[in-house]
Structures are given as C-alpha cells and as structure tokens.
2 protein chains.
Amino acid sequence: MGAVGSGLDAGPDPEDSDRPNASTEEAQSSREFLVPQFMDVHTSMAGVTHDQLRAAHQADLDIQDEEGVNFTHAWADPKSGHVFCLSEAPNAEAVRKIHARTGHPADEVHEITVTA
Amino acid sequence: MGAVGSGLDAGPDPEDSDRPNASTEEAQSSREFLVPQFMDVHTSMAGVTHDQLRAAHQADLDIQDEEGVNFTHAWADPKSGHVFCLSEAPNAEAVRKIHARTGHPADEVHEITVTA
C-alpha cells in the first residue's frame, strides 16, 4: 500500500499535468485513474424529489455521450439542497457542458485524483 | 419508475422526519434507504497525497464502529482541497464525531435521502 502511494509522491508535480501518471501498480489498485473522474456539486436543489433527481439524471444520461461523459451516481440532500454527481469524463468542461445543457449547471466540478 | 417516486411524493413532509419511510418498493429500488447515508465534505485538504488520504481514511475505519459508522468511499481533489466521504451512519453527529476524533473534522455533513 505504501509503495503505491510513494510512487505517486515521487512523480511529476501534479500542478504540471491534469492528472497523475497511471503506473501499472496504480492502475491495478485504483482503476479510477484509467479514466479521469469528477465529483460535481449542485448547491441550490433544496426540496428535490426522487422523481426530479431521476429525471435530471436521465436527461444527463441521454446526451452524455456527446461529450464523452459517463455519470455513474447522484446523491442528494433535499434539506440542504446539495447534489453530488460522480462521473468519468475527458475533462471538467465536458461535465459542465452536459449539466448546463440539461438545465442544472454545476456550482463546482472537482477532478478526483486520489481515492480511498 | 414513476410509481416509486410518486409514492414518496405523497408521503409525509420530509421536514417532519429525518428520512422518508422506506416502503417495500423503495427498499427494492434504493437499498441505500435501509441505512441512513451521508456525504461529508472537507474543503481544506489541498495537496493531500494517496498516502495521506489512505492514512486518514484508515484512522476513521479503525474507530468508526464506536459510533456505528461505516465509511465506504473517499474521493479527493488535491488541487481544490476538497475531499468527499460517503458513509452509512445512525446520524450526522456520529459522522462528525469520528472525523473530529481522527483530526480531520468535516466542514459539511449532508444526509443523502435521494439517489439516482
């Protein structure tokens, strides 16, 4: 476990590239790095119902191929209005485009490069 | 699909209870509702490495049983410093307690009652 992490630590400055190099060891232990992963956040969806979240998610799924995005999960807290969407995508802009086109633009898009 | 959602919509005001009643249909379609689920967010972990995230996550796992929490995933964006942790727990306070005790208090804890 330590060897995998230290391999990354010794790699190029993460600021110099969009994501870390995926060595064989990393690919085996963290398959997420084979495709960039993103967590986007919506903060103004208070009161969202099951039907509304499913409809919004389906609208994304219907057009996601046009930007090479694959939305895999959506988690909502209707009380706070926060919705978290996990996706695989070529870049953050692709995620933003799909959400914007379906009428629910993301407030934040974070590239996930470390998981546990 | 519509029938599952509309059943929830016609249910009690979500403000009146911590989570929706789990009917048989909902339990079948969304097993998450069998145990309350939470997404917590840390916003000040810029530069977090694989080793650091794994160590922090392991520290949570080591004591999570004491509060009945089960942390299932952690996703980090070292550039923005955001870390998202998904868990099953009896309530948000239990999640906050574990993260606080292991030295990385959560900035937000959201109860997830709707998924897609």
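Before reading on, note that the structure itself is shown above.
Residues numbered from 1 in each chain as written. Chains lettered and ligands numbered in written order. Predicted model: local features only at pLDDT ≥ 70, side-chain atom pairs only at ≥ 80, totals over all residues. Heavy atoms only, no water.

Trainee: So what about the sheet that holds strand β4 (residues 108-112) of chain A? Which residues, and what values?
Mentor: Pairing between sheet strands relies on hydrogen bonds along the backbone, with the strands arranged either parallel or antiparallel. The sheet built from 5 strands is open, its strands ordered β4(A)-β1(A)-β3(A)-β2(A)-β5(B) with antiparallel pairing. Both outer strands of the open sheet, β4 of chain A together with β5 (114-115) of chain B, are each paired with one neighbouring strand and no more. Along the sheet, helix α3 (residues 50-63) of chain A contacts β2 (70-77) and β3 (82-88) of chain A together with β5 of chain B; its crossing angle with β2 of chain A, the most-contacted strand, is approximately 160°. Here helix α4 (residues 92-101) of chain A sits on the sheet and contacts β1 (37-42), β2, β3 and β4 of chain A; the angle it forms with β1 of chain A, its principal contact strand, is near 40°. (Pairing = 2+ DSSP bridges. Helix = DSSP H or I, 4+ residues; strand = E, 2+ residues; numbered from the N terminus. Contact = heavy atoms within 4.5 Å. Axes fitted to C-alpha atoms, helices over the stretch in contact; angles between N-to-C directions.)

Trainee: Just give me the short version of the packing of aromatic side chains, but keep the residues and values in it.
Mentor: Under the definition given, this model contains 2 aromatic pairs over all chains. Summarising the aromatic geometry, the rings of Trp75 of chain A and Trp75 of chain B are spaced 5.5 Å apart at their centres and angled 50° between planes, so their arrangement reads as tilted. Placement of the pair is Trp75 of chain A in strand β2 and Trp75 of chain B in strand β2 (residues 70-77), with the two residues belonging to separate chains. Since its relative accessible area comes to 5%, Trp75 of chain A is described here as buried. (Phe/Tyr/Trp six-rings, centres within 6.5 Å; stacked < 30°, edge-to-face > 60°. Buried < 20%, exposed > 50% of the residue type's maximum accessible area, 1.4 Å probe, protein only.)

Trainee: Outline the state of the cysteines, listing residues and values.
Mentor: Throughout this description, disulfide means a covalent bond between two cysteine sulfur atoms. Here the structure, examined in full by the defined rule, presents 0 disulfides over all chains. There is no disulfide at Cys85 of chain A, and the cysteine sulfur nearest it, in Cys85 of chain B, is 18 Å away. On the basis of relative accessibility, which here comes to 5%, the residue Cys85 of chain B falls in the buried class. (Disulfide = S-S within 2.5 Å.)

Trainee: Which residues make up the pattern of salt bridges, and what values do they have?
Mentor: Residues and elements named next belong to chain A. Applying the stated criterion to the full structure yields 2 salt bridges over all chains. Residue Arg101 is joined to Glu66 by a salt bridge in which the shortest nitrogen-to-oxygen separation is 2.8 Å. Taken together, the residues span a long stretch of sequence, with Arg101 in helix α4 and Glu66 in the loop between α3 and β2 at a distance of 35 residues. A relative accessible area of 47% means that Arg101 is categorised as partly exposed. A residue is classified by how much of its surface remains accessible, and Glu66, at 52% relative accessible area, is exposed. (Salt bridge = Lys/Arg side-chain N within 4 Å of Asp/Glu carboxyl O.)

Trainee: Go over α4 of chain A with me, naming the residues and quoting the values.
Mentor: Residues and elements named next belong to chain A. What α4 keeps buried is the set Ala94, Val95, Ile98 and His99. Here the buried residues of α4 occupy an arc of 130° about the axis, which is enough to place them on one side. Residues of α4 that are buried in the fold lie against β1, α3, β2, β3 and β4. The backbone nitrogen of Glu93 has a side-chain oxygen 3.2 Å away, supplied by the residue at the start of α4, namely Asn91. Taken from the residues just after α4, Gly103 is the one with a positive phi, measuring 90°. (Arc of directions from axis to C-beta. Polar contact = N/O pair within 3.5 Å; in protein donor to acceptor, adjacent residues only side chain to side chain.)

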